[in-house]
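# Structural features, examined
So the chains spell out like this:
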Amino acid sequence: MSFDNLKRNRTDLNKLVEQAQATTGNTTVRESDDPRFWQPTRDKAGNGYAVVRFLPGDAEAATPWTRYWDHAFKGPTGQWYIEKSLTSIGQQDPLSELNQKMWNSGMESDKAIVRQRKRNLKYIANVLVVSDPADPSNEGQVKLFRFGKKIFDKIMDAMQPQFPDEKPMNPFDMWEGADFTIKIRKVEGYPNYDASSFKSPSAISSDDSYLEEIYNKQHDTSEWTDPKNYKSYDELKKRLDMVLGETTARSAEGRVNQAIELDDEIPMFETRSAPAPQHRSAAAADIATAEDEDDIMSQFAKLAAED
């Protein structure tokens, strides 16, 4: 869809909220090496600051963001399993099936293993980098931004505010959206995004030619939901068997119809089995969210490549 059509047929906020609610419930690219991606830089103390503007993406797409799931854990063989989940595209996934079987065993030891191997929820959207003090060369560029549930919840709060004195706002609208200030603080050793917030609504620019230029610089996010960029069930099963070794004897005999849904019940941080310190407090587990996976996932990918 052209920029002119986008301006005439801007996304209805109610429809966008419905799409978000529908997807919130129920290529193989390492983003750390992909120049299309941007992440705020954190200093040695773990703090970070940047300002971005969420962009509308392809006006013909159902939502301005793309959502997918992946797994990342180290098996008893010492090898890493870092793969996108086929549940992202509505297909059965061998690890989700195994997790379902183990969770339903009722054994706490099995549930602990499932918590370590659960799915990670990721969102990808186009952003205009408004301010990046750590690397000003990014400012004015259109980048892909990967984020987790914490930031997505803030987007939902903007579209569907909880208080009567707050007006609903579409953060992805180029005319009536708002800049998003990212503030990262280290709390109990983990990155925390609670201080991040949207500014007052305003147009990116009054110059439509500049807005059209930004619109045309957006990146296609459909590859993260394109089945051709996912490994097949059999390929994932083979890799899972290799990573788990003898433990695959406990896998399901045949495919179950529904993947286990643990994403709300289990803290996002518990997906990292090896790096997670055993002595962390319950408060720290609640603080850690999908956003702190950016650096850790990059490290996982490098470790996996060395296997």
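Predicted, not measured: the structure shown is a model, and the values here were computed from it.

Assigned secondary structure in the protein consists of nine helices and eight strands. Carbon and sulfur atoms provide 46% of the accessible area of the protein, an area that totals close to 14900 Å².

The tally for this structure, following the rule as stated, stands at nine salt bridges. Ionic pairing is found between Arg53 and Asp179, a salt bridge with its closest N-O pair at 3.3 Å. Of this pair, Arg53 sits in strand S1 (residues 48-54) while Asp179 sits in the loop between helix H5 (149-159) and strand S6 (180-187); the two residues are 126 residues apart in sequence, bridging distant segments of the chain. By relative accessible area, Arg53 is classed as buried at 0%. Of the charged contacts, one joins Asp194 and Lys150 as a salt bridge, the two residues approaching to 2.8 Å between their closest N and O atoms. Here Asp194 is found in the loop between strand S7 (190-192) and strand S8 (197-198), whereas its partner Lys150 is found in helix H5, with 44 residues between them in sequence.

Most of strand S2 (residues 65-74) is tucked away: nine of the ten residues are buried. Across five bridges, S2 lies against strand S3 (residues 80-84) in antiparallel orientation. Within S3, the position partnered with Lys74 by the bridge is Trp80. Between the end of S2 and the start of S3, which pair antiparallel, lie five residues, with Gly78 showing a positive phi angle near 90°.

What counts as what
Residues numbered from 1 in each chain as written. Predicted model: local features only at pLDDT ≥ 70, side-chain atom pairs only at ≥ 80, totals over all residues. Heavy atoms only, no water. Helix = DSSP H or I, 4+ residues; strand = E, 2+ residues; numbered from the N terminus. Areas by Shrake-Rupley, 256 points an atom, 1.4 Å probe, with all protein chains shown as cover. Salt bridge = Lys/Arg side-chain N within 4 Å of Asp/Glu carboxyl O. Buried < 20%, exposed > 50% of the residue type's maximum accessible area, 1.4 Å probe, protein only. Pairing = 2+ DSSP bridges.

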